[in-house]
Amino acid sequence: MEHDAPDAGEARYELVISVDARGSGSYGDAEKPRMRKRIYRVLETAFAQAGVARSALHLEDRGDGVLVSVPGRFPVTRMLGLWMVEVHENLREENASLLVPLGLRVAMHVGPVRHDSRGISGRAVDLTCRLADSSVARRLLDRERADLVLAVSDSLYTDVVAAGGKFIEPARFAPARLALKEGEVAAWFHLPGRPAPLIGTAATEHPETPGAGRPTAPPTDAPPPRGDANPPTAAQEGARDDEDGYERGSSHGHEDDRGDGGGEDGGEPARYSARGDLSIHRHNVYQQPVHIGRVTGTDPRKD
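### Concerning the overall build of the chain
Reasoning step 1: The number of helices and strands found in the chain is 6 helices and 12 strands.
Reasoning step 2: Considering the chain as a whole, with its 303 residues, one finds that 37% of them fall into the buried category.
Reasoning step 3: Within the chain, contacts between residues at least 6 apart in sequence are counted, and of these 66% link residues at least 24 apart.
Reasoning step 4: Summed over all atoms, the accessible surface of the chain reaches about 18700 Å², with 50% contributed by carbon and sulfur.

### Section: the pattern of salt bridges
For side chains of opposite charge, pairing can occur when their charged atoms come near one another.
Reasoning step 1: Per the counting criterion, the structure on display carries 13 salt bridges.
Reasoning step 2: Arg105 is the salt-bridge partner of Asp20, the closest N and O atoms lying 3.6 Å from each other. Highlighted residues: Asp20 in strand E1 (residues 11-21) and Arg105 in strand E4 (residues 104-116), separated in sequence by 85 residues. Here Asp20 and Arg105 have matching classes, each one buried.
Reasoning step 3: A salt bridge links Arg105 to Asp133; its shortest N-O distance comes to 3.7 Å. Placement of Arg105 in strand E4 and of Asp133 in helix H3 (residues 123-133) is noted, with a sequence separation of 28 residues between them.
Reasoning step 4: For Arg105, a relative accessible area of 4% gives the class buried.
Reasoning step 5: Overall, the relative accessible area of 38% leaves Asp133 in the partly exposed class.

### Looking at the environment of Val19
Reasoning step 1: Its place among the elements puts Val19 in strand E1.
Reasoning step 2: C-alpha separation for the pair Val19 and Val106, spaced 87 residues apart in sequence, amounts to 4.6 Å.
Reasoning step 3: Those residues in contact with Val19 that sit more than four places away from it in its chain are Leu43, Asp64, Gly65, Val66, Leu104, Arg105 and Val106.

### Quick word on helix H1 (residues 32-49)
Reasoning step 1: With 18 residues, H1 should reach 26 Å at 1.5 Å per residue; the first-to-last C-alpha distance of 26 Å fits that figure.
Reasoning step 2: Inspection of H1 places Met35, Arg38, Ile39, Tyr40, Val42, Leu43, Ala46 and Phe47 among the buried residues, and these make up the whole buried set.
Reasoning step 3: Packed against the buried residues of H1 are E1, strand E2 (58-61), strand E3 (65-70), helix H2 (76-95) and E4.
Reasoning step 4: Trailing H1 by a residue or two, Gly51 shows a phi angle of about 75°, which is positive.

Reading the values: the criteria
Residues numbered from 1 in each chain as written. Predicted model: local features only at pLDDT ≥ 70, side-chain atom pairs only at ≥ 80, totals over all residues. Heavy atoms only, no water. Helix = DSSP H or I, 4+ residues; strand = E, 2+ residues; numbered from the N terminus. Buried < 20%, exposed > 50% of the residue type's maximum accessible area, 1.4 Å probe, protein only. Contact = heavy atoms within 4.5 Å. Areas by Shrake-Rupley, 256 points an atom, 1.4 Å probe, with all protein chains shown as cover. Salt bridge = Lys/Arg side-chain N within 4 Å of Asp/Glu carboxyl O. Expected span 1.5 Å × (residues − 1).

Set out below in structure tokens:
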């Protein structure tokens, strides 16, 4: 089998960068070419400012984004630090004259990458693209109304970001767990120029499941609950009698005069008890208007 280069198809450890535009589907056919020009202008200017020659990169067009692999001779710290600063500044300049600002999701990971005549491949490439397209990255960009969000793999954070460096502040990154097609992974997210984002409930990205992560509501036709969810014991009832100064279910009360002596569904009988100014009513169903309470004043009233 012939190859275009002696090492074609062999894995090389490289930095993979995936860049996606926010809301690319909302751009019309006439607007997309202008959007793409802005993306390339922002990225290529930042590469030049960071001292990374365009000819040294593998750069693949993705329609609404770009896939890049950076050779190992360029320090990863330079890409995480200086290059990201330049991308952010260039993007802000582009957006200064736009009614609808361009938003970018950028993801980075270092791993084995295979090159062939059609592009690059490998798990490192897959993971990087998944991070850029994750719902956490999308939500952060929208919720925070930011121009740029950076997602890095857990290994890249541990090996490079955590140590810090020029323009690299690990305290401004926030972790999240993502349930991707390949399995659950950890990742770290950063909004350039801002404190560490509050990811909250967005921290775990689960496959789409109806009602996943949401409280289950009772059926609309469910009957209302009857009585206490956890009825008190006899000992507790007695203690409450002593404390409140009135009795429950004693001879001072009057039981419902229904023949079966039971409640509406054959359960606990309806009753009320009273002593002094206090009364308690349980499981009663009133068929006619009733008055419950004391009558005060000099004129007697009949209800």
